[in-house]
Amino acid sequence: IVLIKLQYTLSRRTKKSAPKKMKDYFYLLFVMTNRKIKEAGVHPVLGYLLGLVGFALISIFLFHKTELAQYLIIFACFSFQLKLSENRRTEFLRSTFGDHLKNKIRLLENLIISIPFATILAFNNLFIEVGVLLICSTLLAFVSFKLNSNFTIPTPFSKHPYEFPRGFRMTYFLFPIAYALSIIAVNVGNLNLGIFSMLIIYITTLSYYSKPEKDYFVWVYTDTPKSFLTKKIITATIYSTILTIPIMVSLLVFFSNDFYFIFLFLLLGTLFLWTIILAKYAAFPNQMNVTEALLIALTLSLPPLLLLAIPFFYFRSINNLKLILHD
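What you see as residue numbers is a count from 1 along each chain, following the sequence as written. Restriction of local features to residues with pLDDT of at least 70 applies here, the model being predicted, together with a cutoff of 80 or more for giving and counting side-chain atom pairs; totals for whole chains, interfaces and linings are based on all residues. Note that the side-chain values use all heavy atoms of the structure and ignore hydrogens as well as water.

1. Thoughts on helix 15 (residues 306-321)
Operational definition: Runs of E in the DSSP output that reach at least two residues are strands. Runs of H or I that reach at least four are helices, and both are numbered from the N terminus. Helices are assigned an expected span. That span is 1.5 Å times one less than the residue count. Each residue gets one of three labels from its accessible area relative to the maximum for its type: buried under 20%, exposed over 50%, partly exposed in between, using a 1.4 Å probe on protein chains only. Note that the arc is computed from the directions linking the helix axis to the C-beta atoms.
Between its first and last C-alpha, helix 15 extends 22 Å over 16 residues, near the 22 Å set by a 1.5 Å rise per residue. Taken together, the buried positions of helix 15 are occupied by Leu306, Ala309, Ile310, Phe313, Ser317, Ile318, Asn320 and Leu321. Axial view of helix 15: buried residues confined to an arc of 165°, hence all on one face. Away from its buried face, by an angle of more than 90 degrees, helix 15 presents the exposed residues Leu307, Leu308 and Phe315.

What follows is the structure, encoded as structure tokens:
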């Protein structure tokens, strides 16, 4: 829908110069972003300010708490940029602007996204990482990825519920990367790199619950709200554990002295997964708003807050789902 709106608007400006077309394109994106922020009940200026402050606080927390912070920052940046390199999107840009202008737009998009991440890395004197980030961001601007195809990728999951099979098929390329990093971690004796590979798995699975399904796909269940949430949580826990078992076992075998740290990370990853699921249905059928996002950000900064966030979202989800499910 977004691409159709952009194409319709921009098609009316074909006689304008290339710089003017680019200006119109980014202005339209800016306007549409502001509308999404307003739909969340926040003024755009406040939304941008909260986003920057939240990003800065989370980054500072990561650099104080883990040696993996720079890897997490780079991974997060590439995650956003990969979405912009999706094949349908790049084909839209090519058909609307032509190859030359499409490449300029994609390069500018990637550089804009990389600015806050590069700033954080530079602030921590990680200039080599800044160079790697900028070089890779530039290269990603000239490639595209076809994330959807007619070939059905097999998954280790049942097709019900839909989150994991659908999410796995869209993010399957991340799992070989995570498993390869765990092998490297074992070979070089770096536990932190192994933990980072597990973190990739959990961040990926968390994304499966970022968007709500249509209320019909909840209404068809004959469960009560409590049993519905219980099934969702149990299924997500089992499936996420299946994906992390290869990494977890290898780390426990080769870093047996740190088994408590490995299990602690596994526990935290599972609790964060529960939190995201409950937060999703606490806002259902709408997307999570600023309140849920801020509370989740706080739990990332202070994990003990999970003990408060989980029951808070749970009871809100129960009350919310009573309007859709039979209690």
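Back to the text.
2. Details of the pattern of salt bridges
For clarity, the cut-off: Basic side-chain nitrogens of Lys or Arg form a salt bridge, by our definition, when they fall within 4 Å of a carboxyl oxygen of Asp or Glu.
This structure, assessed with the given rule, holds seven salt bridges. The shortest N-O distance in the salt bridge between arginine 106 and glutamate 109 comes to 3.0 Å. Of this pair, arginine 106 and glutamate 109 both sit in helix 6 (residues 99-123), three residues apart, roughly one helical turn. In this pair, the class of arginine 106 matches that of glutamate 109, namely buried. The partner of glutamate 163 in a salt bridge is lysine 232, with the nearest N and O atoms 2.6 Å apart. Taken together, the positions of glutamate 163 in helix 8 (residues 163-171) and lysine 232 in helix 12 (residues 225-254) put the pair 69 residues apart, joining distant regions of the chain. We note that glutamate 163, like lysine 232, is buried. Here the residues in one salt-bridge network are Arg89, Arg106 and Glu109, joined through shared partners.

3. Remarks on the packing of helix 4 (residues 69-84) against helix 6
Our working rule: Angles shown run from 0 to 180 degrees and are taken between the N-to-C directions of axes, each axis being a line fitted to C-alpha atoms and, for helices, limited to the stretch in contact. By definition in this entry, angles of less than 35 degrees are roughly parallel, angles greater than 145 are roughly antiparallel, angles of 65 to 115 are roughly perpendicular, and the rest are oblique. Here is the rule for handedness: rotate from the far helix to the near one, and if that takes an anticlockwise turn smaller than a right angle the crossing is left-handed, while a clockwise turn gives right-handed. For this analysis, residues touch if any pair of their heavy atoms sits within 4.5 Å. Think of it as three bins: nonpolar holds Ala, Val, Leu, Ile, Met, Phe, Trp, Tyr, Cys and Pro, charged holds Asp, Glu, Lys and Arg, and polar takes everything else, Gly as well.
Packing of helix 4 against helix 6 brings their axes to within 10 Å, and their N-to-C directions diverge by 165°. The angle between the axes of helix 4 and helix 6 places the two elements in the roughly antiparallel class. Crossing hand, helix 4 versus helix 6: right-handed. Across from Gln70, Ile73, Ile74, Ala76, Cys77, Phe80, Gln81 and Leu84 in helix 4, the residues of helix 6 making contact are Arg106, Glu109, Asn110, Ile113, Ser114, Phe117, Ile120 and Leu121. Looking at the contact of helix 4 with helix 6 residue by residue, the class counts come to ten nonpolar, four polar and two charged.

4. Some details on the packing of aromatic side chains
To be explicit about the condition: What counts as a ring pair is set by centres within 6.5 Å for rings of Phe, Tyr and Trp (its six-membered ring), and what kind of pair is set by the plane angle: stacked under 30 degrees, edge-to-face over 60, tilted for all other angles.
Evaluated as defined, the whole model comprises 16 aromatic pairs. Taking 5.7 Å as the distance between ring centres and 85° as the angle between the ring planes, the aromatic pair formed by tyrosine 25 and phenylalanine 97 counts as edge-to-face. On the criterion of sequence distance, the pair formed by tyrosine 25 in helix 2 (residues 18-39) and phenylalanine 97 in helix 5 (residues 87-97) is long-range, its members being 72 residues apart. Assessed through its relative accessible area of 11%, phenylalanine 97 is described here as buried. Taken together through their ring pairs, the aromatic side chains of Phe164, Tyr208, Tyr209 and Tyr239 make up a single cluster.

5. Re a nonpolar patch on the surface
Note the threshold: Candidates for patches are residues over 30% relative accessible area with no salt bridge; among them, like charges are joined within 9 Å and nonpolar side chains (Val, Leu, Ile, Met, Phe, Trp, Tyr) within 5 Å. Under the convention used here, a 1.4 Å probe and the Shrake-Rupley method define accessible areas, while residue burial counts only the protein chains that appear.
Taken together, the side chains of Leu46, Leu49, Leu50, Val53, Leu57 and Leu294 define a hydrophobic patch exposed on the protein surface, amounting to about 510 Å² of accessible area. In terms of residue count, helix 3 (residues 44-65) provides more of the nonpolar patch than any other element does, five residues in total. When you line up the elements, leucine 294 lands in helix 14 (residues 290-301).

6. Side note on unusual backbone geometry
Of note in the backbone geometry, asparagine 125 takes a positive phi value of approximately 60° without being a glycine. The topology assignment puts asparagine 125 in the loop between helix 6 and helix 7 (127-140). Judged by relative accessible area, which is 58%, asparagine 125 ranks as exposed.

7. A word on the nonpolar core
Put simply, the test is: By convention a nonpolar core is built from buried Ala, Val, Leu, Ile, Met, Phe, Trp, Tyr and Cys residues, the set being connected through side-chain atoms within 4.5 Å.
Grouped together as the largest cluster of nonpolar side chains are 58 residues, with contacts concentrated most on Ile195, Phe196, Tyr209, Val218, Leu251, Tyr281 and Leu321. Of all the elements in the fold, those that place two or more residues in this core are helix 3, helix 4, helix 8, helix 9 (174-188), helix 10 (191-207), helix 12, helix 13 (259-282) and helix 15. What isoleucine 195 contacts, discounting residues up to four positions off in sequence, is Leu68, Leu251, Phe261, Ile262 and Phe265.

8. As for the packing of helix 9 against helix 10
Viewed as axis vectors pointing N to C, helix 9 and helix 10 meet at an angle of 165°, and their least axial separation amounts to 7 Å. The angle between the axes of helix 9 and helix 10 places the two elements in the roughly antiparallel class. Note that helix 9 runs across helix 10; the crossing there is left-handed. For the pair helix 9 and helix 10, the contacting residues are Leu174, Phe175, Ala178, Tyr179, Leu181, Ser182, Ile184 and Ala185 in the first and Leu193, Gly194, Phe196, Ser197, Ile200, Ile201 and Thr204 in the second. Here the residues of the contact of helix 9 with helix 10 sort into eleven nonpolar, four polar and no charged.

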